[in-house]
Amino acid sequence: MPPARTIAIRPQRADPDVGARQPAEMAASLTRRRAMQLMAASLALGGSACTRSPRQRIYPYVDMPEAGTAGVPIYYASAFVRDGHAHGVLVGTREGRPIKVEGNPLHPSSLGATDVFAQASVLELWDPDRAQAVRERLGTDGGPSPAAATSTWPAFEAAWQQREERHLRNGGSGLRVLTRTVTSPSLHAQLDRLRERFAAMRWHRHDPVAPLAEREGSRLAFGRPVQLLWHLERARFVLALDADPFSHGPGSVRAARDWAAQRTAAAGPARALAIETTPGLFGARADERLPLPPAAIEAILARIAARLYGDLPAAAAAQPMPEGAARFEQRVFEQLRQNGADSLVIVGPSLSAPTHALVHLLNQRLGAFGRTLDAIEPPDRDETAGSLTELTEAIDAGAVDTLLILGGNPAYDAPGNIAFAAALARVPLSIHLSLHANETSRLCRWQLPTTHDFEQWSDALGHDGSATLIQPAIAPLYDGRSAHELLALVAADDVRDGHALLRRHWRASGAAPKGDFDAFWRDSLGRGVVRDSAPPALSLPPAQVPVPATAANPPSGELAAVFVADPSASDGRFANNGWLQELPRPFTKLTWDNALHLAPATAAALGLATGDIVRAVASGRAVEAPVWVQAGHAEGAATLPLGYGRTGAGRVGDGIGFDAYRLRLDVGGAVSIRLEKTGRRHDFAVTQRELDQHGRRLARTVRRGEGIGHEDAGHPSLYPAVAYPTHAWGMVIDLDACIGCNACTIACQAENNIPVVGAEEVVRGRHMHWIRVDRYDDDDAGSLFQPVPCMHCENAPCEVVCPVGATVHDSEGLNVQVYNRCIGTRFCSNNCPYKVRRFNFLQYADRETETLKAGRNPDVTVRQRGVMEKCTYCLQRLSRARILSEESGRPIADGDVVSACQAVCPTQAIRFGDLNDANADVVRAKASPRHYAMLGELNTRPRTTYLARVVAAKEEP
């Protein structure tokens with residue numbers, strides 16, 4: 001096996017006098033200067049010996065005045081690519097090691113924020129289970145075998161050249177390439193180059209949660225595929241039909257930011273209504289939501305459209321509706337008619353292609369195109385790619401002798417995955433380029449390790465089509481190649497280096513103004529986005545009137561099945577990511593598992609309760625799954641989260657949950673399932689078991705135009721007042737902006753080296769997150785989200801009970817934890833009314849795995865067992881700002897210190913700053929009439945306070 005590129009440490013040149021001397025002689029001759037030299041060398045080795053910077057020139061982010069200061073991260077603008085699209089990020093490095101990701105303020109898809117997946121990408125980079133070397137599986141019959149032997153890239157290239165001669169003779173008729181969504185302009189150019197070499201080659205594309213219905217719907221409406229751009233900041237009325245724009249699609253972070261912007265607009269917040277099967281983040285923030293199964297959603301839309309425009313057909317058959325649905329339908333109709341072009345109708349991937357086409361037509365007739373949404377060319381050029389079904393049929397017909405799979409895991413996430421897995425095993429030469437040796441890799445002849453996004457040169461398009469040049473922040477950790485470098489190899493390209501390939505493409509593209517390519521290159525890498533690269537909006541023809549959707553109710557005794565990407569594991573790609581596995585799901589607070597979701601009445605009719613294991617049967621296929629009874633779910637339907645039941649994820653993700661892909665017919669087809677009791681039970685690992693506030697008013701709501709009052713202010717105290725003349729740090733969390741996305745939780749984990757504890761410890765209540773997002777059922781708000789970090793109380797109940805003074809106030813008012821004093825009595829946790837202190841019961845932090853060590857923040861202590869820990873307001877960032885202020889002679893200004901949770905928030909719900917600064921944003925927030933302190937009646941005087949959520953007045957029944 002070739003050595004991993006970052007594990008081997010190059011020996012230092014020996015001192016010529018050291019070898020012959022004994023230890024005692026060495027100690028006697030060791031001078032102070034020599035000791036300092038040795039210490040400096042040791043620190044250098046410990047900080048950077050296991051990593052290497054890229055060979056090529058990389059450019060720091062454009063707006064980073066502190067770059068080069070000791071102890072300050074250097075940020076490089078790049079992108080995290082998910083579902084083919086670029087999410088602009090800034091990769092923070094220390095001694096050449098990526099340790100933290102922030103959003104790129106200049107990138108249109110992020111505007112400075114990120115989601116949970118981008119935050120967890122750092123752990124994905126350092127995952128010790130990544131594929132590290134070329135592997136070949138060769139059976140006695142020449143096909144792949146279960147056993148794999150370590151090989152090399154030259155060996156693979158020699159094997160490819162033998163097969164290449166055959167393809168050159170027949171035009172490549174047996175050669176197929178399978179990818180996921182590809183928006184990379186340079187990779188598209190390479191695929192075109194490959195097709196020039198092998199004219200009969202075919203390209204296929206498969207995405208497990210791809211919006212197939214969206215693409216087909218736009219073809220039905222306009223005769224061509226388009227990609228939609230929502231402008232939620234311009235809308236006065238938004239209708240979401242089984243859609244969650246805060247979670248679904250490449251522009252989800254931008255959608256959340258735009259929605260939050262219109263909440264504070266002078267005209268007041270837009271009205272939002274949602275009809276959905278499974279509770280989603282947008283539905284939780286809608287003024288009203290109606291839970292319905294997919295067929296009923298399509299029927300209600302058809303009736304509304306027919307009422308608005310008489311030439312549109314109504315629903316083919318009446319669907320049974322719950323009580324109040326008719327009044328809800330009337331309100332939707334009135335809002336669309338009243339708001340017209342200021343309306344926006346969004347449709348989700350679970351609904352049929354005709355319904356998507358109807359929504360296109362409805363938006364167009366309302367005048368929404370050019371106002372609340374635009375259409376652009378699809379960045380993935382999907383019209384040139386065949387489907388996975390076509391590829392499977394070609395394999396079954398014996399028309400495929402060589403299959404090159406670039407990323408993805410189709411043997412696991414193909415609909416009814418058993419069929420494709422069996423077909424893949426019959427391909428004579430199958431090659432898989434992947435980050436992990438997963439289920440697909442195990443069926444392929446060759447498994448080739450690929451580089452991570454932060455290790456490679458590449459490019460991709462954002463949700464609006466803007467181009468991003470992706471530069472590496474670190475040299476490849478292992479013997480991996482990018483997809484660009486592999487395609488260059490198979491196409492016999494003279495250029496094989498990713499950096500050179502990317503420069504060649506963009507030099508030929510003509511994107512550089514006035515022919516100054518080097519200036520264009522530096523500017524694009526420094527900014528993280530190519531200037532003015534977003535395509536113009538399309539001018540679309542009048543939409544065709546679609547044939548009405550024909551979805552019917554499931555047969556008697558069966559339920560409509562809805563397949564959704566898991567909020568943390570997604571489609572299964574992140575199953576081996578411990579941060580995401582332990583991240584509580586927004587509505588269930590479930591960790592380390594998936595569950596089959598049912599509505600309360602449906603579960604009661606079937607005699608089921610949360611934790612019951614059922615056998616779900618569809619078209620002769622079956623899986624066993626535990627039931628989760630969820631309030632707010634549509635009756636008559638079952639939701640099955642994808643991404644679990646893995647067998648090739650790695651040590652973290654294997655053997656967790658059930659595989660819902662086995663029941664899926666295709667990416668967009670309707671499925672009915674029958675549930676059978678097994679008589680067995682399953683215990684879930686959840687972090688919040690009580691969703692009722694029991695009158696405590698922890699998370700508050702107000703009507704528009706109203707305030708909280710000041711009933712919590714002015715309580716007398718036995719404690720003497722303490723002055724903080726320099727700084728007094730505080731935080732305000734706006735519940736009206738919070739969408740419950742959990743990004744703050746995982747950003748805090750990445751910043752503060754918070755360990756993963758595992759499902760068994762979560763069951764015992766020992767999760768370690770320093771900021772949690774509680775959810776409560778509320779009569780006015782539906783689902784009410786509340787992030788809860790340490791309150792940093794002025795009158796801190798934790799401090800007076802600590803027998804060793806381990807929890808104390810510092811000179812700037814922070815409640816700090818002195819780890820080396822703590823003896824683990826846990827008195828402070830018992831006395832904390834907010835329950836935000838975490839006790840390290842066991843040695844949760846992995847101190848042995850080298851790659852995991854390299855990904856940690858060196859400014860934050862890795863805690864040992866037996867100590868209490870909690871939110872510190874990112875004390876290390878405060879210290880960094882203080883040092884920079886002293887070096888520059890400039891006082892710390894508002895905005896100089898941004899906590900990790902504040903930086904990541906897509907809706908800017910968290911504000912942090914100095915309470916001594918009268919002009920600070922946090923001070924203005926605390927002056928709001930919606931401001932209150934949680935459990936203020938206890939007179940703890942918390943520095944972390946809240947703004948109540950604003951709810952609309954209830955509509956008349």
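About the thresholds
Residues numbered from 1 in each chain as written. Predicted model: local features only at pLDDT ≥ 70, side-chain atom pairs only at ≥ 80, totals over all residues. Heavy atoms only, no water. Helix = DSSP H or I, 4+ residues; strand = E, 2+ residues; numbered from the N terminus. Buried < 20%, exposed > 50% of the residue type's maximum accessible area, 1.4 Å probe, protein only. Contact = heavy atoms within 4.5 Å. Areas by Shrake-Rupley, 256 points an atom, 1.4 Å probe, with all protein chains shown as cover. Axes fitted to C-alpha atoms, helices over the stretch in contact; angles between N-to-C directions. Parallel < 35°, antiparallel > 145°, perpendicular 65-115°, else oblique. Nonpolar A, V, L, I, M, F, W, Y, C, P; charged D, E, K, R; others polar. Phe/Tyr/Trp six-rings, centres within 6.5 Å; stacked < 30°, edge-to-face > 60°. Pairing = 2+ DSSP bridges. Salt bridge = Lys/Arg side-chain N within 4 Å of Asp/Glu carboxyl O. Left-handed = near helix turned anticlockwise from the far one by under 90°. 1 Å grid on protein atoms, 1.4 Å probe; cavity = no way out; pocket = protein on both sides within 12 Å on 5 of 7 lines; lining within 4 Å. Points joined across faces, edges and corners; volume = space filled by probe spheres on them. Disulfide = S-S within 2.5 Å.

## Description of the overall build of the chain
Looking only at helices and strands, one finds 26 helices and 38 strands in the chain. For the chain, the residues scored as buried account for 58% of the 957 residues in total. In the chain, of all internal contacts separated by at least 6 residues, the share reaching a separation of at least 24 is 74%. Accessible surface, the chain as shown: approximately 37,700 Å² in total, 52% of it carbon and sulfur.

## Some words on helix α6 (residues 212-222)
Taken residue by residue, α6 has Ala-213, Arg-215, Gly-217, Ser-218, Ala-221 and Phe-222 as its buried positions. The elements touched by buried residues of α6 are β7 (202-205) and α11 (353-366). Taken from the residues just after α6, Gly-223 is the one with a positive phi, measuring 75°.

## Details of the packing of helix α5 (residues 185-197) against helix α16 (residues 498-509)
Viewed as axis vectors pointing N to C, α5 and α16 meet at an angle of 90°, and their least axial separation amounts to 10 Å. In terms of their interaxial angle, α5 and α16 are classed as roughly perpendicular. The segment α5 lies against α16, with Pro-185, Ser-186, Ala-189, Gln-190 and Arg-193 engaging Leu-501, Leu-502, Arg-504, His-505 and Trp-506. Broken down by class, the residue content of the contact of α5 with α16 amounts to 5 nonpolar, 3 polar and 2 charged.

## Topic: the packing of aromatic side chains
One pass over the structure, following the stated rule, counts 18 aromatic pairs. Ring centres 5.0 Å apart and planes at 75° place the aromatic pair Tyr-412 and Tyr-661 in the edge-to-face group. In this pair, Tyr-412 sits in helix α13 (residues 410-413) while Tyr-661 sits in the loop between β24 (637-642) and β25 (671-681), placing the two residues 249 residues apart along the sequence. Under the relative-accessibility criterion, Tyr-412 is labelled buried at 4%.

## With respect to the sheet that holds strand β2 (residues 85-94)
Strand pairing within a sheet occurs via backbone hydrogen bonds; the two strands may be parallel or antiparallel. Here we have 3 strands laid out as an open sheet, ordered β1-β2-β3, and antiparallel in their pairing. Every other strand in the sheet has two partners, leaving β1 (74-82) and β3 (97-103) as the edge strands with one partner each. In this sheet, adjacent strand axes meet at a mean angle of 40° when their direction is disregarded. Two strands pair when backbone bridges link them, and β2 and β3 are joined in this way by 6 bridges, in the antiparallel orientation. Opposite Gly-92, over in β3, you have Lys-100 as the bridge partner. Helix α3 (residues 116-125) contacts β1, β2 and β3 of the sheet and is inclined by roughly 170° relative to β3.

## Considering unusual backbone geometry
Phi is positive for Leu-935, which is not a glycine, with a value near 55°. Position of Leu-935 relative to the elements: it lies in the loop between β36 (931-932) and β37 (944-947). Of note, Asn-939 is a non-glycine position whose phi angle comes to about 60°, a positive value. Along the chain, the position of Asn-939 falls in the loop between β36 and β37.

## A closer look at the pattern of salt bridges
Tallied over the full model, the rule gives 59 salt bridges. Glu-390 serves as the salt-bridge partner of Arg-202, at 3.9 Å between the closest nitrogen and oxygen. With Arg-202 in strand β7 and Glu-390 in helix α12 (residues 388-396), the pair connects residues that are 188 residues apart, well separated along the chain. For Glu-390, a relative accessible area of 39% corresponds to the partly exposed category. In this structure, the salt-bridge partner of Asp-258 is Arg-254, at a minimum N-O distance of 3.1 Å.

## Thoughts on the pairing of strand β28 (residues 729-734)
Of all 6 residues that make up β28, 6 are buried, and the element is covered over most of its length. Here β28 shows no split at all, with Trp-729, Met-731 and Ile-733 on one side and Gly-730, Val-732 and Asp-734 on the other all buried. Bridge count between β28 and strand β35 (residues 910-914): 5 bridges; the pairing is antiparallel. Across the sheet, the residue bridging to Met-731 is Phe-912, located in β35.

## Comments concerning the packing of helix α9 (residues 294-308) against helix α10 (residues 325-339)
Closest axis-to-axis distance for the α9/α10 pair is 10 Å, and the angle between their directions is 45°. Regarding the angle of α9 to α10, the classification is oblique. Considering only the axes of α9 and α10, their crossing is right-handed. Each of Ile-300, Arg-303, Ile-304, Arg-307 and Leu-308 in α9 lies in contact with α10, whose residues at this interface are Ala-325, Glu-329, Gln-330, Val-332, Phe-333, Leu-336 and Arg-337. Residues that form the contact of α9 with α10 fall into these classes: 7 nonpolar, 1 polar and 4 charged.

## Some points on empty space enclosed by the protein
As enumerated under the stated definition, the model contains 10 cavities of 30 Å³ or more in all. The volume enclosed by the largest cavity comes to roughly 940 Å³. Lining the largest cavity are 44 residues, and of these Arg-180, Leu-406, Gly-407, Gly-408 and Arg-573 sit closest to its centre. Those elements that provide at least two residues to the lining of the largest cavity are β1, α13, β15 (429-434), β17 (458-461) and α15 (483-490). At 3 residues, β17 tops the list of elements feeding residues into the lining of the largest cavity. Classifying every residue of the lining of the largest cavity by side-chain character gives 13 nonpolar, 21 polar and 10 charged. Space inside the second largest cavity adds up to approximately 110 Å³. Lining the second largest cavity are 16 residues, with Cys-738, Cys-741, Cys-744, Pro-787 and Cys-905 sitting closest to its centre. Of the residues belonging to the lining of the second largest cavity, the class tally is 13 nonpolar, 3 polar and no charged.

## Focus on the side chain of Glu-761
Looking at where Glu-761 falls in the secondary structure, it is placed in helix α21 (residues 759-763). Ignoring anything within four residues of it in the chain, the contact list for Glu-761 reads Arg-766, His-767, Leu-842 and Tyr-844.

## Things to note about the environment of Gly-607
Residue placement: Gly-607 occurs in the loop between α19 (600-606) and β22 (612-618). When the C-alpha atoms of Gly-607 and Lys-677 are compared, they prove to be 8.9 Å apart, with 70 residues separating the residues in sequence. Those residues in contact with Gly-607 that lie beyond four places of it in its chain are Asp-612 and Lys-677.

## Some thoughts on the sheet that holds strand β10 (residues 271-276)
Taking strand neighbours across the sheet as the criterion, the 4 strands line up as β11-β10-β9-β12 in an open arrangement whose pairing is parallel. This sheet does not close on itself; its edge strands, each paired only once, are β11 (288-291) and β12 (343-347). Going from strand to strand, the sheet's axes swing by 10° on average, the running direction of each strand aside. Bridge count between strand β9 (residues 237-241) and β12: 5 bridges; the pairing is parallel. Pairing of Ala-240 across the sheet is with Ile-346, part of β12. Across the sheet, α9 lies against β9, β10 and β11, angled at about 135° from β10, the strand it touches most. Of the strands in this sheet, β9 and β12 touch α11, which is tilted by about 170° from β12.

## Let's talk about the state of the cysteines
Throughout the structure, instances matching the rule amount to 0 disulfides. Left without a disulfide partner, Cys-793 is nearest to the cysteine sulfur of Cys-790, which lies 6.5 Å away. Taking the relative accessible area as the measure of exposure, Cys-793 reaches 7% and is therefore buried.

## Quick look at the environment of Asp-532
Of note, Asp-532 is situated in the loop between α17 (517-527) and β19 (559-565). Sequence-wise, Asp-532 and Ala-511 are 21 residues apart; in three dimensions their C-alpha atoms are separated by 9.5 Å.

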